[in-house]
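# Structure at a glance
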Amino acid sequence: MAITWRAPASAFLLLSLVLATCEARPRGAPGTVVGQATRTVADIARHDARNSKRDPNEKIFNVLDFGATPDGKKMSTMAFQKAFSAACQWKGKTRVLVPRGVFLVGALILQGPCQGPPPFIVQVSGTVKAVTDISEYADGVWVLFDGINGLVLTGGGTFDGQGKYPDEHLTSKVIVKNCTLLNTDNGVRIKTKAGSVRGQASGIIFQDIIMKDVRNPIIIDQNYESSKGKSSLVKISDVHFINIRGTTSSNVGVNLLCSNQNPCQNVQLANIDLHYTGPQRGLPLSSSCANARINYAGVQNPPPCR
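Residues numbered from 1 in each chain as written. Predicted model: local features only at pLDDT ≥ 70, side-chain atom pairs only at ≥ 80, totals over all residues. Heavy atoms only, no water.

### With respect to the side chain of E58
Tracing the backbone shows E58 in the loop between helix 1 (41-51) and strand 4 (59-62). A distance of 2.6 Å separates the side chain of E58 from the side chain of R95, its partner in a polar contact. (Helix = DSSP H or I, 4+ residues; strand = E, 2+ residues; numbered from the N terminus. Polar contact = N/O pair within 3.5 Å; in protein donor to acceptor, adjacent residues only side chain to side chain.)

Structure below.
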């Protein structure tokens, strides 16, 4: 499995992962920095570490124990690397824990194969925040999971890419493949904020994805956070959804809501086979499309937009 992120300022792609075994190369996963309340960040983080539900037989590798600082200011790259390496070498069940707090990191290369039995769990409950100095990313990679059998990325935390060039408005060459998504709120998703600055997102491929009771399995949303019916100014093109199958809890399996100012161009749906398993059994699965030029090939379930 390989997951890499780079984050532009104007458009972002979200792949909701609760349980995944995949190869992903997205350039865009910005998020929101998590604030803290009355207790110190370190107190909250250690409380989370003690109270996380887990298998009693698994060993926890908490990044705090390897020197990570959850204040969003001091670099924690080496601590993350050490925690992961130690967990990867452990021969029993294991979990890497990133507790609540904000952790500033540069390039992370998290390389398998690992010694223990799958799954290899990475629980991100806090915010992993990228440094903005682009010299930190000589290989163009921020976070890379590679060669890990049965990786589980969970925890409800945030990867905050902050956006690595001035006025960057391009997201391109994204590949997400060989993933299994379980009970996620969204499947493969591209969203851009309404009224955002002009930009482009192109060359995006989602391939060989298995959905299991996923809401919104295939979605493009260019009206995100729209208050007055405004749509995004970001131009989306050359997007491919290929060999996506499984079950969905939504009666709309494909929802492509593109910008009325910059319609999506060259969107391909090939071999889509989804089945509705929501509460209203017998309800037909459908597609919804607006302002999108779509090419279809192979199986199409739900039926194509008309």
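Don't stop here, the text continues.
### Let's talk about the sheet that holds strand 5 (residues 71-75)
If you walk across this open sheet you meet the four strands as 5-7-10-13, and the pairing is parallel. With partners counted over all chains shown, the strands left at the sheet margins are strand 5 and strand 13 (158-160), one partner each. Taking each pair of neighbouring strands and ignoring which way they run, the sheet shows an average axis angle of 25°. Pairing geometry for strand 7 (residues 102-105) and strand 10 (residues 127-130), over four bridges, is parallel. Opposite L104, over in strand 10, you have K129 as the bridge partner. Sitting on the sheet, helix 2 (residues 77-89) is in contact with strand 5, strand 7 and strand 10, with an inclination near 95° to strand 7. (Pairing = 2+ DSSP bridges. Axes fitted to C-alpha atoms, helices over the stretch in contact; angles between N-to-C directions. Contact = heavy atoms within 4.5 Å.)

### Thoughts on unusual backbone geometry
In this structure, the amide linkage connecting P118 to the following residue, P119, adopts the cis form with an omega of 5°. Position of P119 relative to the elements: it lies in the loop between strand 8 (108-111) and strand 9 (120-124). Cis geometry marks the peptide bond from N301 to P302; its omega dihedral reads 15°. In this fold, P302 is placed in the segment after strand 22 (292-301). Here the phi dihedral of K173 falls at roughly 55°; this positive angle occurs in a residue that is not glycine. Its place among the elements puts K173 in strand 14 (residues 170-182).

### Considerations on the pairing of strand 15 (residues 188-193)
When you tally the buried positions in strand 15, you get five out of six residues, the bulk of the element. Alignment of strand 15 against strand 17 (residues 218-224), held across five bridges, turns out to be parallel. Across the sheet, K191 pairs through a bridge with D221, a residue of strand 17. (Buried < 20%, exposed > 50% of the residue type's maximum accessible area, 1.4 Å probe, protein only.)

### Describing the environment of S76
With respect to the helices, strands and loops of the structure, S76 is situated in the loop between strand 5 and helix 2. In this structure, S76 is in contact with A68, T69, F103, L104 and V105, ignoring residues within four places of it in sequence. Within the structure, the side chain of S76 is placed 3.0 Å from the backbone nitrogen of T69, a separation counted as a polar contact.

### A closer look at the state of the cysteines
Under the counting rule described, the total for this entry stands at three disulfides. Between C258 and C264 runs a disulfide, and the two sulfur atoms are separated by 2.0 Å. Looking along the S-S bond of the C258-C264 disulfide, the torsion reads about -100°, which is the left-handed sense. Of the two residues, C258 and C264, both sit in the buried class. Covalently, C289 is tied to C305 through a disulfide, its sulfur atoms 1.9 Å apart. The chirality of the disulfide connecting C289 with C305 is right-handed, given an S-S dihedral of about 75°. Residue C289 is found in strand 21 (residues 286-290), and its partner C305 is found in the segment after strand 22; the two are separated by 16 residues along the sequence. (Disulfide = S-S within 2.5 Å.)

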